[in-house]
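Examination of the molecular architecture
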Amino acid sequence: MNGTRQYRLASPTWNDSEMSAVGACAQKQTLTMGPQVFEFERQFAAYTGSKYAVMVNSGSSANLLMVAALFYTSPRPMLSRGDEVIVPAISWPTTYYPLMQYGLKLKFVDVDLFTLNYDLQALKSAISERTRAVIAVNLLGNPNDFDEINHMLSGRNVILLEDNCESLGATLNGRQTGTFGLMGTYSFFFSHHICTMEGGMIVTDDANLHDILVCLRAHGWTRNLAQENTLCKKAEDPFSESFRFLLPGYNVRPLEMAGAAGIQQLRKLPDFIAARAKNAATFRSLFADNKNFIIQHGIGEPSWFGFSLVLSPQAHTPRSVIVKALMENGIECRPIVAGNFAAKEVMRHFDYSVHGDLKNAEYIDANGFFIGNDHLDHGGDLRRVREILLALVE
């Protein structure tokens, strides 16, 4: 690698405010889930416009609990083993794994070559009488067209869920992504819009689902449920409720320090989103008219996680040559999320089908990559990326 500045996928966002908040928890020896987590949940729910928010130890765990909760709703489960769930062909593995682990049948649907979200015509034709849920993944910070998706689902007994782990702060018609479905999930991993070390969140407006999520988060016990809740009648004596187990849950509680960091990060989020948007404007100005690359088309007001580039059919430079040149110049890049997940070796463990073909997902898998975006000014980095790419493909 030469001596130029490194352009990473993500940069640290912490300063003294997070360090002090985390240090205060350590000093008080309040380490596991407690008041800081609960306050962060309250503030996050308010930020997203949701009634409830439940913090867990990762975005992956958020997806797990979101799926699990639907098996324990009352008066009847919303999902059962063998039910069909529609998923986009491109996402991260933990969009899919909980569905497999709960015995659901996945139906993969192609994505749009330009938005990287659902191909809406393919989605419309994929919805059948067997469909019980659709998971919308807002890829790389870009909202789905929820107006159109809700129109498709209108009058059907189909649940809409959102994997919003890459898109905190994105909006459509003034509404936060993650809130269009029955539940939505978020990730606070290092490379995401805010960082709590590890961490994730589920939001919902449904009181029963909220209580189920709280119960499932910690062993399936009743201890963290409010005295008045939708799941059970709690004893007045806390001792009696200490080890009362109601559901077959997990231990995916967040650290108290993660909640404390989240409160500080949430205060900075508007500035983080504005900086990402400024970088996105620069990126678009540099690449929007380049005939060799397809860049992601935004819907609503995206909150860009990163910047995707897909080689156009007329480009003759192999992706491997481009990736090598970028890495040699200190510019980190990755495949577009996990590429076409239906083609992964792990699929031999799944019960799944493919609706139609996945030609766009396959093309993106073979010809796409993305570079990073965060709260720093990357104008110079993006111009350097353009210079390197133009030297290779023009």
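Since the model is a prediction, treat every value here as computed from it, not as a measurement. (Residues numbered from 1 in each chain as written. Predicted model: local features only at pLDDT ≥ 70, side-chain atom pairs only at ≥ 80, totals over all residues. Heavy atoms only, no water.)

Quick look at helix H9 (residues 256–287)
Since the α-helix turns once every 3.6 residues, residues separated by three or four places project in the same direction. A maximum bend of about 50° is found in H9 at Lys268, where proline Pro270 lies one to four positions downstream. Most of H9 is tucked away, with 23 of its 32 residues classed as buried. (Bend = angle between axes of the 7 residues up to and from the residue. Helix = DSSP H or I, 4+ residues; strand = E, 2+ residues; numbered from the N terminus. Buried < 20%, exposed > 50% of the residue type's maximum accessible area, 1.4 Å probe, protein only.)

Some points on the nonpolar core
In terms of nonpolar packing, the biggest core is built from 59 residues, with Phe108 and Met183 touching the most fellow members. Residue contributions to this core peak at seven residues, all from helix H3 (residues 59–69). Filtering out sequence-adjacent residues up to four positions away, Met183 remains in contact with Met66, Ala69, Leu70, Leu160, Leu161, Glu162, Gly178, Ile202, Val203, Thr204, Leu209 and Leu213. Membership of the second largest hydrophobic core comes to 24 residues, among which are Ala315, Ile322, Leu326 and Val385. (Core = buried A, V, L, I, M, F, W, Y, C linked by side-chain atoms within 4.5 Å. Contact = heavy atoms within 4.5 Å.)

What to know about the pattern of salt bridges
Overall, the coordinates contain eleven salt bridges when judged by the stated rule. Across the pair Asp381 and Arg5 runs a salt bridge whose closest N-O atoms are separated by 2.7 Å. Here Asp381, found in helix H12 (residues 379–393), pairs with Arg5, found in the segment before helix H1 (16–28); they are 376 residues apart in sequence, far enough to count as distant. Overall, the relative accessible area of 48% leaves Arg5 in the partly exposed class. What you see here is one network of salt bridges that share partners, running through Arg5, Asp381 and Arg384. (Salt bridge = Lys/Arg side-chain N within 4 Å of Asp/Glu carboxyl O.)

Quick word on the sheet that holds strand S12 (residues 333–334)
The strand order across the open sheet built from four strands is S10-S11-S14-S12, with neighbouring strands paired in antiparallel fashion. Strands with a single pairing partner mark the edges of an open sheet, and in this sheet they are strand S10 (293–295) and S12. The sheet strands contacting helix H11 (residues 359–367) are strand S11 (306–311) and strand S14 (368–372), and the helix crosses S11 at an angle near 100°. (Pairing = 2+ DSSP bridges. Axes fitted to C-alpha atoms, helices over the stretch in contact; angles between N-to-C directions.)

Focus on the pairing of strand S4 (residues 131–137)
With six of seven residues buried, S4 lies mostly within the body of the structure. Pairing of strand S2 (residues 84–88) with S4, which is carried by three bridges, proceeds in the parallel orientation. Note that in S4 the partner of Glu84 across the bridge is Thr131. Where S4 meets strand S5 (residues 159–163), five bridges bridge the pair, whose relative direction is parallel. The residue bridging Val134 from the neighbouring strand is Leu160, located in S5.

These figures come from the coordinates and say nothing about function on their own.
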